[in-house]
Amino acid sequence: MKIFFYALRPYDELPYVEQFSKETGIEYGWTADYPNKDNMELCRGSDVFSCIPCDMSAPVIDKLADLGIKWIACRSIGYNHVDLDECRKKGIRVSNVAYPPESVADYAIMCLLMGLRKASHILKRSEAQDYSLKGKIGREISFLTVGVIGTGRIGTTLIRHLSGFGCRILCYDPYPNKTASQYATYTDLDTLLKEADAITLHANVTKENTHLLNDDAFHKMKDGVLIVNTSRGLLIDTDALVKAITSGKVGGAVLDVLENENGLYYYNRTSDVIDNKDMALLRSFPNVTLLPHTAFYTEASVKAMVEGCFQGAIAYRDGTKTPLEVL
């Protein structure tokens, strides 16, 4: 039984891989590189393939099937980058991971506070030794209405932690839960969009909610609304967001994810000319903060992500079920 890891980071993930390999008796191989046509043969002889979000389109799935891969263990909560239909055709099972929701929830609260207090703009101006106050006045979260879209583990944890700030919290999810309702008021999406001073996204991407925040959604919002996204870039129509920022409808945004971020985050692009018009345009706005998809990145989360891959491998080896299996 063997699992092969692509894009494995030796400085944080590898020690946990070694630990769980010893504990489970499952062999492993690894490379720091993302899967590509020149290194796919490395996983031949392995049963399980593991990677962080990357190109997992039909041709890649077909190649993995030819190499004998039976299980894809995503080292991420999201798995929308995987062509599940092709996996189904090839008989490849797929799992994701679950990590402590506090990591993203607390990071999102940080983003809310940064956006409302214009922290990024203040820091940039301070670096230029501009210590004036003009244009830097913020808003106090305690006096505002925060809208939370998505009340799964992360969204609910955020709501519980955010409740201590004293703000009014509205939330929307097709599947309400009792814990969130103890601290927030469930409402329909239109009401949330119309009444929230700040909106934070906590939903996986589906066909139904891709571009959930589009021209129509932004039109319904309050003038000057703050948008926070630590979930998935595809939840926001970037063109619509740019128009809403330009018009003043959106007063600020803190984005840990982008709609077109493939090839950007988790790479060192220090000396590169980056051909990404969305990123360049958003970075030009003084009221927009771009963070490099690091909301998840804590020691506890990294350990849980590696452990989740081994849980998937154990389920395949032993013929058992795991709640992490998505296909």
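No experiment lies behind these values; they were computed from the predicted model shown.

**Student:** Could you give an account of empty space enclosed by the protein, naming the residues involved and the relevant values?
**Tutor:** What the rule picks out here adds up to 1 cavity of 30 Å³ or more. Considered as a void within the structure, the largest cavity measures approximately 50 Å³ in volume. Lining the largest cavity, in full, are Asn229, Gly233, Ile236, Thr238, Leu241, Leu255, Val257, Leu258, Glu259 and Leu282. In terms of residue class, the lining of the largest cavity is built from 6 nonpolar, 3 polar and 1 charged.

**Student:** Would you mind going over the sheet that holds strand β7 (residues 168-172) in detail, with residue names and values included?
**Tutor:** Strand order across the open sheet formed by 7 strands is β8-β7-β6-β9-β10-β11-β12, with parallel pairing between neighbours. For this open sheet the edge positions go to β8 (185-186) and β12 (288-290), each flanked by a neighbour on one side alone. Pairing geometry for strand β6 (residues 145-149) and strand β9 (residues 198-201), over 4 bridges, is parallel. The residue of β9 that forms the bridge with Val146 is Ala198. Against the sheet, helix α4 (residues 102-116) touches β6, β9, β10 (225-229), β11 (250-255) and β12, its axis set at about 150° to β10.

**Student:** I'd like to hear about unusual backbone geometry, residue by residue, with values.
**Tutor:** Of note, Ala7 is a non-glycine position whose phi angle comes to about 55°, a positive value. Within the fold, Ala7 resides in the loop between β1 (2-5) and α1 (14-24). On the basis of relative accessibility, which here comes to 4%, the residue Ala7 falls in the buried class. Its identity is not glycine, yet Tyr266 carries a phi of approximately 80°, on the positive side. Here Tyr266 lies in the loop between β11 and α11 (277-283). Overall, Tyr266 belongs to the partly exposed group, its relative accessible area being 38%.

**Student:** How would you summarise the UniProt feature "domain: D-isomer specific 2-hydroxyacid dehydrogenase catalytic" (unreviewed entry) in the protein if you had to cite specific residues and measurements?
**Tutor:** This chain's UniProt record puts "domain: D-isomer specific 2-hydroxyacid dehydrogenase catalytic" (unreviewed entry) on residues 20-323. Across residues 20-323, the secondary structure splits into 36% helix and 15% strand, with the terminal C-alpha atoms separated by 19 Å.

**Student:** Could you give an account of helix α12 (residues 299-318), naming the residues involved and the relevant values?
**Tutor:** Its 20 residues place the ends of α12 29 Å apart at the C-alpha level, agreeing with the 28 Å of an ideal helix rising 1.5 Å per residue. Every buried residue of α12 is listed here: Ser301, Val302, Ala304, Met305, Val306, Gly308, Cys309, Phe310, Gly312, Ala313 and Ala315. Buried residues in α12 make contact with β1, α1, β3 (48-51), β4 (71-74), β5 (93-95) and α4.

**Student:** Account for the side chain of Ser231, with residues named and values stated.
**Tutor:** Mapped onto the elements of the fold, Ser231 is located in the loop between β10 and α10 (238-247). Ser231 sits in the buried class, given a relative accessible area of 10%. A distance of 2.5 Å separates a polar atom in the side chain of Ser231 from the backbone oxygen of Ala203.

**Student:** Before we move on, could you go through the packing of α4 against helix α6 (residues 153-162) and cite the residues and values that matter?
**Tutor:** Closest axis-to-axis distance for the α4/α6 pair is 8 Å, and the angle between their directions is 55°. Of the possible angle classes, the one that applies to α4 and α6 is oblique. As for the relative orientation of α4 and α6, their crossing is right-handed in sense. Facing Glu102, Val104, Ala105, Asp106, Ala108, Ile109 and Leu112 of α4, the residues of α6 in contact are Ile154, Thr157, Leu158, Arg160, His161 and Leu162. Residues that form the contact of α4 with α6 fall into these classes: 8 nonpolar, 2 polar and 3 charged.

Criteria and thresholds
- Residues numbered from 1 in each chain as written.
- Predicted model: local features only at pLDDT ≥ 70, side-chain atom pairs only at ≥ 80, totals over all residues.
- Heavy atoms only, no water.
- 1 Å grid on protein atoms, 1.4 Å probe; cavity = no way out; pocket = protein on both sides within 12 Å on 5 of 7 lines; lining within 4 Å.
- Points joined across faces, edges and corners; volume = space filled by probe spheres on them.
- Nonpolar A, V, L, I, M, F, W, Y, C, P; charged D, E, K, R; others polar.
- Pairing = 2+ DSSP bridges.
- Helix = DSSP H or I, 4+ residues; strand = E, 2+ residues; numbered from the N terminus.
- Contact = heavy atoms within 4.5 Å.
- Axes fitted to C-alpha atoms, helices over the stretch in contact; angles between N-to-C directions.
- Buried < 20%, exposed > 50% of the residue type's maximum accessible area, 1.4 Å probe, protein only.
- UniProt positions renumbered as here; feature names shortened; annotations may be inferred.
- Expected span 1.5 Å × (residues − 1).
- Polar contact = N/O pair within 3.5 Å; in protein donor to acceptor, adjacent residues only side chain to side chain.
- Parallel < 35°, antiparallel > 145°, perpendicular 65-115°, else oblique.
- Left-handed = near helix turned anticlockwise from the far one by under 90°.

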